[in-house]
Each structure stands twice: as C-alpha cells, then as structure tokens.
Amino acid sequence: MFVLALRSIRRRPGRFLATLLSAFLGAAIIMTFNSMHDTAGQGGVDPVSSETLGTSAGVVGGYGTLLVFFAVASTLTVNVRQRTAELDLLRCSGATPAQIKRMVVGEAVAVALVGTVLAIGPAMLGGRALLDMFQDSGQVARSVDYSFGPVALLTGVDITLLASGGAAFLAVRRLTRGGRERTGAKRFLAGAALVTGASAAGATFLFSATDEMLMAAPAYGAILLSVGFALLSPRLLKGVLDRLPLSGASGWLAVRNLRERAGHLAGILVSLILFTAVSTATLTMQSVESDAVKASGLVKSVDAKNLETLNLTVVGIIAVFVCVMLVNSLYAATTYRSREFGQQRLAGATPGQVLGVVAAEGVILTVTGVFFGTVAALAGVVPFTVVRTDAVLPDQFLGVWLAMVSVSAAVTLGTSLGTARRVLRTPAVGAVTLAA
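Quick notes on the rules
- Residues numbered from 1 in each chain as written.
- Predicted model: local features only at pLDDT ≥ 70, side-chain atom pairs only at ≥ 80, totals over all residues.
- Heavy atoms only, no water.
- Phe/Tyr/Trp six-rings, centres within 6.5 Å; stacked < 30°, edge-to-face > 60°.
- Helix = DSSP H or I, 4+ residues; strand = E, 2+ residues; numbered from the N terminus.
- Buried < 20%, exposed > 50% of the residue type's maximum accessible area, 1.4 Å probe, protein only.
- Axes fitted to C-alpha atoms, helices over the stretch in contact; angles between N-to-C directions.
- Parallel < 35°, antiparallel > 145°, perpendicular 65-115°, else oblique.
- Left-handed = near helix turned anticlockwise from the far one by under 90°.
- Contact = heavy atoms within 4.5 Å.
- Nonpolar A, V, L, I, M, F, W, Y, C, P; charged D, E, K, R; others polar.

Draft legend 1. Local environment of the packing of aromatic side chains. Applying the stated rule across the entire model yields 2 aromatic pairs. When the centroid spacing of 5.5 Å and the interplanar angle of 50° are considered together, the rings of Phe229 and Phe372 count as tilted. Here Phe372 lies in helix 14 (residues 351–389) and Phe229 lies in helix 8 (residues 216–231), a separation of 143 residues in the sequence. Accessibility classification places Phe229 together with Phe372 in one group, the buried group. Measuring from centroid to centroid gives 5.1 Å for Phe371 and Phe372, while their planes differ by 85°, and the two rings are edge-to-face. The class for Phe372 is buried, based on a relative accessible area of 12%. An aromatic cluster is defined as three or more aromatic residues linked by ring pairs; in this entry it consists of Phe229, Phe371 and Phe372.

Laid out in structure tokens, this is it:
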C-alpha cells in the first residue's frame, strides 16, 4: 500500500499541495523555536538568556504542535472526502479498510516528510532572526551564538510526521466505517474544554493586579473555550442556521447548502473561532498590560518583555496558520463544487447568482466563527481587565476586534469568491461532464 501511496502522489501531485504547505509551515515553526533549546544548551550561556530561550521554545513549540495538527487535519479531511469515489472503488476492488488507511496515512507521511526537509533551511534562518530579536531587546546576551541542532531537527521531523499520520488516520477512519461518526467522545472533550476554560477564566480573580502570572489564567481560559466551541462547530453552525431570517433565492440556497455540509465545514469554523478568540484576547490583554505599566511609570522587567514577545509571536503564528487553513480548506471545498455550480447554471442560474450564494455562505460562516470566537475572547479579556484596571471592557478591545474580524472576513470571502469565480470560467456542460 505504501507503493500505491507513492504512485498516487506522483500521478496527481496537485491534490497534495495543501498538505505539503501545511506540513512545511508547521515544521518550519517548530524547528525555528526548538532551535532555541539547542542554542540555550551550549556552553557559556548565562542563566537569564537560557531561561528566555527555553521559555520561548517551550511555549511557542507547544502551540506550534497543536497548530500543525489542526492545519494538516483540516486539509486532509477535505482531501479524503473529495476522494470518496476513488476510495470506494478500491474497496470494491478488494482492498480492506486497513489497507486503505495505510495508503492514506502513507501518502500523508510521505508528503509531510518532504515538507519537513524543505523547511530546514527557512527554520535555520528564522531561528537566527529570532535570536537577533531577543538580543536587540536585551533579553539574551550578545555573546550567545545561534545553534541549530538535534533538538530542533528531531522535534520538527517527529511532530510533523506524527501529526500528519494521525490526522490522516482520523480523516479516513470515518469513511472506512461507512460514514458513521461517534460524537460521544467529541462532546465529552468539548464539554471538558468549556468547563475547564470557564474555570480558568474565573480563576483570574484569585490573582492580584500586579501578579506576574495574571495574564496566564484568562489567556488559557479563552484558548480552552475556543477549543470547546471549535469541537462543537457543526452543531453550533446548525443552530445558527435554524435561526437565520434570510430570504430570497441566494439566502435560501446558502442556508440549505451549509446545513447539508455542516460537518464538512468544521475545519473552516475551527480556524475562524480559534483565530478570533486567541488573537483578540491576547492582543487586547497585552495592550492593557502595556498601557498599565506605562501609566505607572515603571520599566518592564525581563520577564515582562519575554511575555510580551511570546504573546505577539503566538498571535503571529496563529495568524499565519489560520490563513493557510482557511485558504486550503476553502479553495479545496469550492473547487470540488464545480459540478454543483454547473448544474445550477444549467438549471437557469447566472454566474452572478452562483457567486451570490457563495458570498452568502461566506458571510454566514464568518459571522458564526467570529461570534463564538468573540464570546471566548471576552471570557478572558473581561476578568483580566477587571483585576488589572478595575474597568470591565478596555478601550483597546474594539480596535483589536475590528482588525481581527477584518482579517477573517477578507480571507474567507476573498478565497471563496476568488475560487468560485475561477471555477465558473469552465462552461457549465463541461463542469458537469468532467466532474461526473
């Protein structure tokens, strides 16, 4: 089956570009930050520099691992669902479910390995730039030399391959089970994440306004709440669709399409919810903290500078990954609908009407993801602001929120409409015939 996987990749490499890009970016980020472990492990590195480098590698490396899994899982899920006919043909030809799983997992691991190898050079350049940034801000001594060693290389390879193989296994498992999906475990994990997140956000009131760990509890609370909402995204989307007062042909078709494809769109909502929650909460709380320190006339400590650097870096990583996940998922999902678009045009719909339906779907997805992401973000921002400044909602929140919503809407609508416009260039009869 591994030989068949390699043959499949060689025959149609285009279908694996999204997975390759996700693995490449994930491995690059993991190796970039874990190279700080190699740098800190050299002889002659002072304790303050070593702590700064180790903290950045540990925190961002952990986020990077989760993001790699989510990014690869979203692209592989779309890829597998689009290959239903091909995989069913293999089953009819005598292939067992276990053999199909090995083939799909083999494809994912092979593509991830190529992406990891390609990421080594950029990771080395990124690690050196990261060290320079720490040195320019005074968090790491100038005498510390950069090192890219076994920790960075092994973690990059191991984590990327394991995440890719695990995501591929989960993506193909439901298909080989005949479409049955067990939701009990997912609901349990979602409930646990929501309860733990709410508890973490509430624990913010146990800290004092000047406690160095004040931001940790609400930040983790917002993250866990967003994860809980993300796990429930298909159910949440259906709940929103049942309450939408849309009218007209475009609105009716958009709601109908989204209701039927709610499970397939989970990866898109996961990206939107996580991005909105984590970026809005982190940037808002960091702005509140910076303004509070500035107002007090104090100078930021090394630990405070480390925390600020980590917060901004994590948001930057999430922003990159959410764009990759959204673009990959939306591009693949919209391209796959070429036959559907062709049938609508043969039934009398104009290209403008088809684009109107796609735009309405994008708006609904964006509003749904932003709404639940905002709820998770506020669960962290409000307790932090109350304890730190005695206010309820900080002045910085609206500006940060609008910026994050603009990014989400631009990526979602831009990718959906741009891909749909390209698909519509194919004549309707040709689209239906080629996709059949």
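Next comes the rest of the description.
Draft legend 2. Quick look at the packing of helix 4 (residues 84–92) against helix 5 (residues 97–136). The geometry of helix 4 relative to helix 5 is characterised by a closest axis approach of 10 Å and an angle of 140° between their N-to-C directions. Relative to helix 5, the element helix 4 lies oblique. Considering the relative orientation of helix 4 and helix 5, their crossing is right-handed. The segment helix 4 lies against helix 5, with Leu87, Leu90 and Arg91 engaging Ile100, Met103 and Val104. Of the residues belonging to the contact of helix 4 with helix 5, the class tally is 5 nonpolar, no polar and 1 charged.

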